Amino acid sequence: MDRQTEYVLRSMEERDIRFVRLWFTDVLGSLKSVAIAPAEVEGAITEGVGFDGSAIEGFARVFESDMVAFPDPSTFQALPWRQMERGTARMFCDIRLPDGSPSFADPRYVLKRALQKAADLGFTFYIHPEIEFFLLREQLPPVPLDDGGYFDHTTLGDGTDFRRDAITMLEQMGISVEFSHHEAAPGQHEIDLRYADALTMADNVMTFRVVIREVAVSQGIHATFMPKPFTEHPGSGMHTHMSLFEGDTNAFYDGADEYRMSKVAKHFIAGLLRHTPEIMAVTNQYVNSYKRLSGASEAPTFGCWGRANRSALIRIPQFSPGKSSSARIEYRLPDSAANPYLAYALMLNAGLAGVEGEYPLQEETEDEVWRLSERERKAIGIQALPRNLDEALRIMENSELAAETLGEHVFEYFMRNKREEFETYRQQVTPWELGRHIRVM
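Residues numbered from 1 in each chain as written. Predicted model: local features only at pLDDT ≥ 70, side-chain atom pairs only at ≥ 80, totals over all residues. Heavy atoms only, no water.

Asker: Please provide a residue-by-residue account of the layout of surface pockets, values included.
Answerer: Of the voids in this model, the largest pocket is the one considered here, and its volume is about 1,100 Å³. If you trace the largest pocket, you find 47 residues lining it, with Glu130, Glu190, His239, His241 and Glu330 closest to the centre. Elements represented by at least two residues in the lining of the largest pocket include exactly β7 (124-138), β9 (177-182), β10 (188-193), β13 (238-246) and α7 (289-292). Here the lining of the largest pocket is composed, by residue class, of 14 nonpolar, 15 polar and 18 charged. As a volume, the second largest pocket reaches approximately 740 Å³. Met226, Lys228, Thr231, Asn288 and Lys291 are the residues nearest the centre of the second largest pocket, which is lined by 23 residues in total. For the lining of the second largest pocket, the elements supplying multiple residues, two or more each, are β12 (222-224), α11 (400-426) and α12 (431-437). (1 Å grid on protein atoms, 1.4 Å probe; cavity = no way out; pocket = protein on both sides within 12 Å on 5 of 7 lines; lining within 4 Å. Points joined across faces, edges and corners; volume = space filled by probe spheres on them. Helix = DSSP H or I, 4+ residues; strand = E, 2+ residues; numbered from the N terminus. Nonpolar A, V, L, I, M, F, W, Y, C, P; charged D, E, K, R; others polar.)

Asker: Can you break down the pairing of strand β6 (residues 87-96) residue by residue, with the values?
Answerer: Remember that side chains alternate between the two faces of the sheet whenever the strand is regular. Counting buried residues along β6, nine of its ten residues qualify, which places the element largely inside the surrounding structure. Two elements, strand β1 (residues 17-25) and β6, share six bridges in a ladder whose sense is parallel. Paired with Ile17 across the bridge in β6 is Gly87. (Buried < 20%, exposed > 50% of the residue type's maximum accessible area, 1.4 Å probe, protein only. Pairing = 2+ DSSP bridges.)

Asker: Explain the environment of Glu364 residue by residue, including any values.
Answerer: Along the chain, the position of Glu364 falls in the loop between α8 (340-357) and α9 (374-379). For Glu364, a relative accessible area of 18% puts it in the buried group. Counting along the chain gives 69 residues from Glu364 to Glu433, while the straight-line C-alpha distance between them is 40 Å. With residues near it in sequence (within four places) discarded, Glu364 still touches Tyr259, Trp305, Gly306 and Arg307. A polar side-chain atom of Glu364 sits 3.1 Å from the main-chain amide nitrogen of Arg307. (Contact = heavy atoms within 4.5 Å. Polar contact = N/O pair within 3.5 Å; in protein donor to acceptor, adjacent residues only side chain to side chain.)

Asker: Go over the side chain of Thr25 with me, naming the residues and quoting the values.
Answerer: Looking at the element boundaries, Thr25 is found in strand β1. Dropping the residues within four chain positions of it, Thr25 is found in contact with Ser30, Leu31, Phe59, Pro107, Met206, Asn339 and Tyr341.

Asker: Which residues make up the packing of helix α10 (residues 389-396) against α11, and what are the values?
Answerer: Viewed as axis vectors pointing N to C, α10 and α11 meet at an angle of 150 degrees, and their least axial separation amounts to 11 Å. For α10 against α11, the interelement crossing comes out left-handed. Seen from α10, the contacting residues are Leu389, Asp390, Leu393 and Met396; seen from α11, they are Ala402, Leu406, Phe411, Phe414, Met415, Lys418, Arg419, Glu421 and Phe422. Of the residues in the contact of α10 with α11, the class split is nine nonpolar, no polar and four charged. (Axes fitted to C-alpha atoms, helices over the stretch in contact; angles between N-to-C directions. Left-handed = near helix turned anticlockwise from the far one by under 90°.)

Asker: Let's hear about the packing of aromatic side chains: which residues, and what values?
Answerer: Each pair of aromatic rings is reported with the distance of its centres and the angle of its planes. Counted by the stated rule, this structure contains 17 aromatic pairs. With centroids separated by 5.2 Å and ring planes inclined at 80 degrees, the aromatic side chains of Tyr126 and Phe245 adopt a geometry described as edge-to-face. In this pair, Tyr126 is assigned in strand β7 and Phe245 in strand β13, connecting sequence segments 119 residues apart. Look at Tyr126 and you get partly exposed, because its relative accessible area is 23%. (Phe/Tyr/Trp six-rings, centres within 6.5 Å; stacked < 30°, edge-to-face > 60°.)

Asker: With reference to specific residues and values, describe unusual backbone geometry.
Answerer: Between Leu140 and Pro141 the backbone carries a cis peptide bond, its omega angle lying at -15 degrees. Looking at where Pro141 falls in the secondary structure, it is placed in the loop between β7 and β8 (143-144). Look at Asp16: it is not a glycine, yet its phi comes out positive at around 55 degrees. For Asp16, the location among the structural elements is in the loop between α1 (3-14) and β1. Although it is not a glycine, Arg260 sits at a positive phi angle of roughly 60 degrees. With respect to the helices and strands, the residue Arg260 is situated in the loop between β14 (249-250) and α6 (263-283). For Arg260, a relative accessible area of 35% puts it in the partly exposed group.

Right under this line is the structure:
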């Protein structure tokens, strides 16, 4: 028995854990869970727990349905909202086939493959996300919990209490929080997680969503990660800070460069800029995602980069000159509803393509890009990003990078599922159309 398994068994006894939930995600990023008794945990870690993969979105067809979930003991954590007399804990799982080989349908394995590619090049990939979400009094129609704005301080307000309770719960689960504040829209909040390696962070993001929803339910309110629930207010993004390390050295830092950015960083940015249209259907996977990216706001709609420019797709945050470990880039495209495993894998491989191919980096853009005319944008080489899910899927279906990163199974299922979503959306008659046309046509 290894040390991690010993730790799990000892912790269950010490904390009176009576139920252990095994967590994994489907291809779209929805969390799945099965509970086992403590007596079954040691066997589950070594032999796995079988389940019907054909019943999970994107996992398997009926005639190849047998799959096995293997808990990762390093992810064991007690669930604070279930710590009564008989507690509950969770572990994330890796999904395998009955012969023990990894399942190519497992989003966690997709990310592990990408991280192994980075490791083969000598890199470790670190992530620090800024996760936005809305708190609602009512869901349909949505009614914001508060009327606050960006960085507003509200004395003992509902949102302030919520963030305090959520952060306390996250930290009890070993997830470190750097910042939290009210965002620009009424009822909108942001919590930033402290950086971690990409696999740990993907697990953390999935846990984060559960914690936020659990705290909301306990307070009689609703939490949503829908990218844009309100027409008149900004949407919720998941701005993602990224860096590559070589051992303990930040590979993005170069003290001699005017931007303090290394060649690796510049090539990585160039890779993201070139390949973003190919991966956007995953980082922004819903029809509603593109309402957030509709222009005239800080949400990116064009492929460019800058330092102080918050309308750019990629921003270079300032950091203390003596703190080279903080050198990073901020990718402002993903939204809070993305599958973090698939999104991080594609973002990493897009950047690595730039590093391996030594892509040249275009000039920095200092203007608010959406204010420029189309002619001005073309003159400085800035291209528009896909404006809807259909455009993004048409580009992605011809992308070698996306197909290789996701693997044939995930790629084909994802494309099929999202095409169906867009076709269903196309058929909908919206309240906007009725209000604008029903009386005059």
